[in-house]
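# A closer look at the structure
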Amino acid sequence: MLRKHKIMAAVAFVILICGVIYLYRMMFPRYKVADKEAATAFVLEHQPELNNLVERMKEEYEKEKRENKILLIERSEFPTYSFLDDFKWLKQYRIVFIAIDKSDGPYKVDILFVDSPSGYEYFSIYFSENDEPLGWGGGSELKEEKEGFFVQRGSYYILETEKITDHWYYYQCRT
């Protein structure tokens, strides 16, 4: 009889823990951006905020006098950049980092997501100041395979990029 009560108590405890986890996820959602459709929805839903983020990243880049070096802010460093306090909504998404660079002239801002299909495949959205698709520097040429869809084939990777809206692109890379 005692054993039956222990089993029932264990089941009740597991149900309680599951309920707490469910409530936590409802109160603090973490949205996945795990494919091109989700990335497109992310950009279209947050385009004004993303454009504002780009402007603030440019200001931070200039303030730090990066001089053609990448400013890469990993998720764990978000609290150390006070200008990101205005972008708390970003914490709802599983982002690895946000980076800004202008080593090739115009600004580029990249947002890399955690939810990659595999360890050899990952994707990102990026802002291109001159509204041109970007490949990897030093790699082979970026070629338009069909209207608005560009591919770069390197010795160990294939990068595909496609325009979402003005200045915003999606890319996926398979190594």
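## Here's the deal with the packing of aromatic side chains
Tallying each qualifying case throughout the model produces 13 aromatic pairs. Arranged with centres 4.4 Å apart and planes meeting at 45°, the rings of W136 and Y157 form a pair that is tilted. You can see W136 sitting in the loop between strand 4 (121–128) and strand 5 (143–146) and its partner Y157 sitting in the loop between strand 6 (149–153) and strand 7 (158–165), a full 21 residues away along the chain. Using a relative accessible area of 25% as the deciding quantity, one classes W136 as partly exposed. One aromatic cluster is present, built from ring pairs that chain together F42, W89, Y93, F113, F123 and Y170. When the ring centre of F149 is taken as origin, the NZ or CZ atom of K146, which lies over that ring, is 5.3 Å away.

## A few points about the nonpolar core
Most often, soluble globular proteins keep nonpolar side chains buried together rather than apart. Counting 32 residues, the largest nonpolar core has F42, L50, L53, I98 and I125 as its most contacted members. Of all elements in the fold, only helix 2 (36–63), strand 1 (71–74), strand 2 (95–101), strand 3 (108–113), strand 4 and strand 8 (168–174) reach the threshold of two or more residues within this core. Element by element, the count of residues in this core is highest for helix 2, at 8 residues. Contacts of F42, omitting those with residues within four sequence positions, involve V33, L50, W89, L90, Y93, F113 and I125. Core analysis: the next-biggest nonpolar cluster, separate from the first, contains 8 residues, Y126, F150, Y169 and C173 among them.

Cut-offs and rules
- Residues numbered from 1 in each chain as written.
- Predicted model: local features only at pLDDT ≥ 70, side-chain atom pairs only at ≥ 80, totals over all residues.
- Heavy atoms only, no water.
- Phe/Tyr/Trp six-rings, centres within 6.5 Å; stacked < 30°, edge-to-face > 60°.
- Helix = DSSP H or I, 4+ residues; strand = E, 2+ residues; numbered from the N terminus.
- Buried < 20%, exposed > 50% of the residue type's maximum accessible area, 1.4 Å probe, protein only.
- Lys NZ or Arg CZ within 6 Å of the ring centre and 35° of its normal.
- Core = buried A, V, L, I, M, F, W, Y, C linked by side-chain atoms within 4.5 Å.
- Contact = heavy atoms within 4.5 Å.

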